Amino acid sequence: MPKTLIRCLLWAVLTYVIAGGFARPMRVRGISMEPTLHDGSLRFTHMWALKYRAPRRGEMVAIAMPGPRSFYAKRIVGLPGERIAFLGGDLLINGEAYPEPYLTDKGDWTVDPVVVPPGEYYVVGDNRTRPMAEQVAGLVEQRFITGVIW
Amino acid sequence: MKVKVIALLMLVLVGAGIFWARRPDDTAAIRKQWKALLQFVQKESSPGLLAAAAKAQELQSFFTTGAVVQIGGPYPLSVGRPELPALYHQAWSYLDRMELRSRGEDIFVSGDAARMEVTMDYDLSLRGERQSGLDAYRLHWVREEGTWQIRLVERLDTVRNPAAGRAP
């Protein structure tokens, strides 16, 4: 009986560590991150990755929405202090064009420069076919960025 | 005998825990009212015009007299309670199907006022074309004469779009 109980406890802890933190399963909903993340696909999020370091440019991140079960999935393109703009679909960081190899269609966004405030990041989706004004994209406080999608 | 006593004690503790978790309180009352509103606005079939009009009028009962609903960018829309029935009736007439689901709420109560942040999952169908998505809103509730009603609905901009509001 004690051995079985110990085994059960170990499995419970392992499940919590993996599914609750290291590789939390998530179902993708929507097309804002196409073609990188497909609508309906299953991905995993490392919910502890950002506990001891800051988000990095190019990372796909989970951004908290109200309630425990929903997150925005976006990509970080701008870091605190940087001046971010779009010109004819090209990402400009501090006035310089920055390549985005993960895109298949960079679209034609033209967005005025915005300086990313301290403690915030500039996030966008990989699907640039719709105008940026119609998307969930822009500045987000670091405290809402809860994990890295892989 | 000892095992039976422990098992009975655990049963009592679990029962007490379930009772405590499900006890009626303001948060539960607001959640119940919210679920009733979501259920109310669903459209899966087409009722008669009179029934639809009556439904549109009844929608007001979920909102305070001076309530304002702000749907948010990129085409900001702000409507007061008197305009809600007409707006709802319009949506009801155009759409084949309308489904709204709440994917999680955070509720903060302070006396007779409360703030609820909610993730909404919507699924609309118009002439065979389907549109769905997720959005987050903040609802301000007040308790008037014992009933929780919505005073303000505003979009929750966790991600602030610098290009929003500039759409043609």
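Residues numbered from 1 in each chain as written. Chains lettered and ligands numbered in written order. Predicted model: local features only at pLDDT ≥ 70, side-chain atom pairs only at ≥ 80, totals over all residues. Heavy atoms only, no water.

Q: Quick question: what am I supposed to make of the overall build of chain B here?
A: When its secondary structure is counted, chain B shows four helices and six strands. Reading the helices (α) and strands (β) of chain B from amino to carboxyl end gives α-α-α-β-β-α-β-β-β-β. When the 168 residues of chain B are sorted by exposure, 37% land in the buried category. Contacts spanning at least 24 positions in sequence make up 53% of the contacts within chain B whose residues lie at least 6 apart. When the accessible surface of chain B is split by element, carbon and sulfur atoms take 59% of a total near 10400 Å². (Helix = DSSP H or I, 4+ residues; strand = E, 2+ residues; numbered from the N terminus. Buried < 20%, exposed > 50% of the residue type's maximum accessible area, 1.4 Å probe, protein only. Contact = heavy atoms within 4.5 Å. Areas by Shrake-Rupley, 256 points an atom, 1.4 Å probe, with all protein chains shown as cover.)

Q: Got a minute to help me understand the pairing of strand S6 (residues 147-155) of chain B in this structure?
A: Working note: regular strand, side chains alternate between the two faces of the sheet. Residue and element names in this part refer to chain B. Examined bridge by bridge, strand S1 (residues 63-70) and S6 share three bridges and lie parallel to one another. Across the sheet, residue Val68 finds its bridge partner in S6, namely Leu152. Counting the residues in the hairpin turn of strand S5 (residues 129-144) and S6 gives two residues, including Glu145, whose phi is positive at 55°. (Pairing = 2+ DSSP bridges.)

Q: Teacher, can you tell me more about the packing of aromatic side chains here?
A: Centre distance and the angle of the planes are the two values used to describe a pair of aromatic rings. Residues and elements named next belong to chain A. All told, the structure shown has five aromatic pairs over all chains when counted by the stated rule. Arranged with centres 6.2 Å apart and planes meeting at 45°, the rings of Phe22 and Trp150 form a pair that is tilted. Here Phe22, found in helix H1 (residues 2-22), pairs with Trp150, found in the segment after strand S11 (145-149); they are 128 residues apart in sequence, far enough to count as distant. By relative accessible area, Phe22 is classed as partly exposed at 43%. (Phe/Tyr/Trp six-rings, centres within 6.5 Å; stacked < 30°, edge-to-face > 60°.)

Q: Please clarify how the environment of Phe22(A) should be interpreted in this entry.
A: Residues Phe22(A) and Gly40(A), spaced 18 residues apart in sequence, show a C-alpha to C-alpha distance of 21 Å. Residue contacts for Phe22(A): discarding those within four places in its chain leaves Val17(A), Thr45(A), His46(A), Trp48(A) and Trp150(A).

Q: I would appreciate a short explanation of the interface of chain A and chain B in the present structure.
A: The figure often quoted for interface size is the accessible area lost as the parts come together. On the side of chain B, 29 residues touch chain A, which itself brings 24 residues to the contact. Summed over both sides, the interface of chain A with chain B buries roughly 2000 Å², with 54% coming from carbon and sulfur. Ranking the residues of chain A by area buried against chain B places Arg29(A), Pro66(A) and Ala133(A) at the top, with a combined share of 32%. Seen at the junction of chain A and chain B, the total is two salt bridges. A salt bridge links Arg29(A) to Asp121(B), with the nearest nitrogen and oxygen atoms 2.7 Å apart. Taken together, chain A and chain B are joined by eight residue pairs in polar contact (both at pLDDT 80 or more). Across the side of chain A that touches chain B, the residue classes break down as 16 nonpolar, four polar and four charged. (Buried area = accessible area lost by both parts, 1.4 Å probe. Salt bridge = Lys/Arg side-chain N within 4 Å of Asp/Glu carboxyl O. Polar contact = N/O pair within 3.5 Å; in protein donor to acceptor, adjacent residues only side chain to side chain. Nonpolar A, V, L, I, M, F, W, Y, C, P; charged D, E, K, R; others polar.)

Q: Sorry if this is basic, but what is going on with the side chain of Ser70(A) here?
A: When you line up the elements, Ser70(A) lands in the loop between strand S3 (60-64) and strand S4 (71-78). Here the side chain of Ser70(A) touches Arg103(B) through a polar contact of 3.1 Å, side chain to side chain. Not counting residues up to four positions away in its chain, the partners in contact with Ser70(A) are Ile63(A), Ala64(A), Met65(A), Arg103(B) and Thr119(B).

Q: Before we go on, may I ask you to explain the sheet that holds strand S4 (residues 113-126) of chain B in this structure?
A: Pairing between the strands of a sheet comes from backbone hydrogen bonds, and it takes one of two forms, parallel or antiparallel. Residue and element names in this part refer to chain B. Taken together, six strands build an open sheet; the order of strands is S2-S1-S6-S5-S4-S3 and the sheet is mixed. Among the strands making up the open sheet, the edge pair consists of strand S2 (78-80) and strand S3 (97-110). Adjacent strand axes in the sheet meet at a mean angle of 25°, parallel and antiparallel pairs treated alike. Lying over the sheet, helix H2 (residues 26-41) contacts S1, S3, S4, S5 and S6, oriented at roughly 165° with respect to S3. Contacts from helix H4 (residues 84-94) reach S1, S2, S3 and S4, with the element oriented near 120° to S2. (Axes fitted to C-alpha atoms, helices over the stretch in contact; angles between N-to-C directions.)

Q: Please clarify how the sheet that holds strand S10 (residues 138-141) of chain A should be interpreted in this entry.
A: All names here are of chain A. Read from one edge to the other, the open sheet built from seven strands follows the order S1-S2-S11-S3-S4-S9-S10, with strand pairing classed as antiparallel. Each of the sheet's edge strands pairs with one partner strand only, and the pair in question is strand S1 (24-27) and S10. For this sheet, the mean inter-axis angle between neighbouring strands, taken without regard to orientation, is 50°. Inspection of the sheet shows S3 paired to S4 by five bridges, in the antiparallel sense. Across the sheet, the residue bridging to Val61 is Lys74, located in S4.

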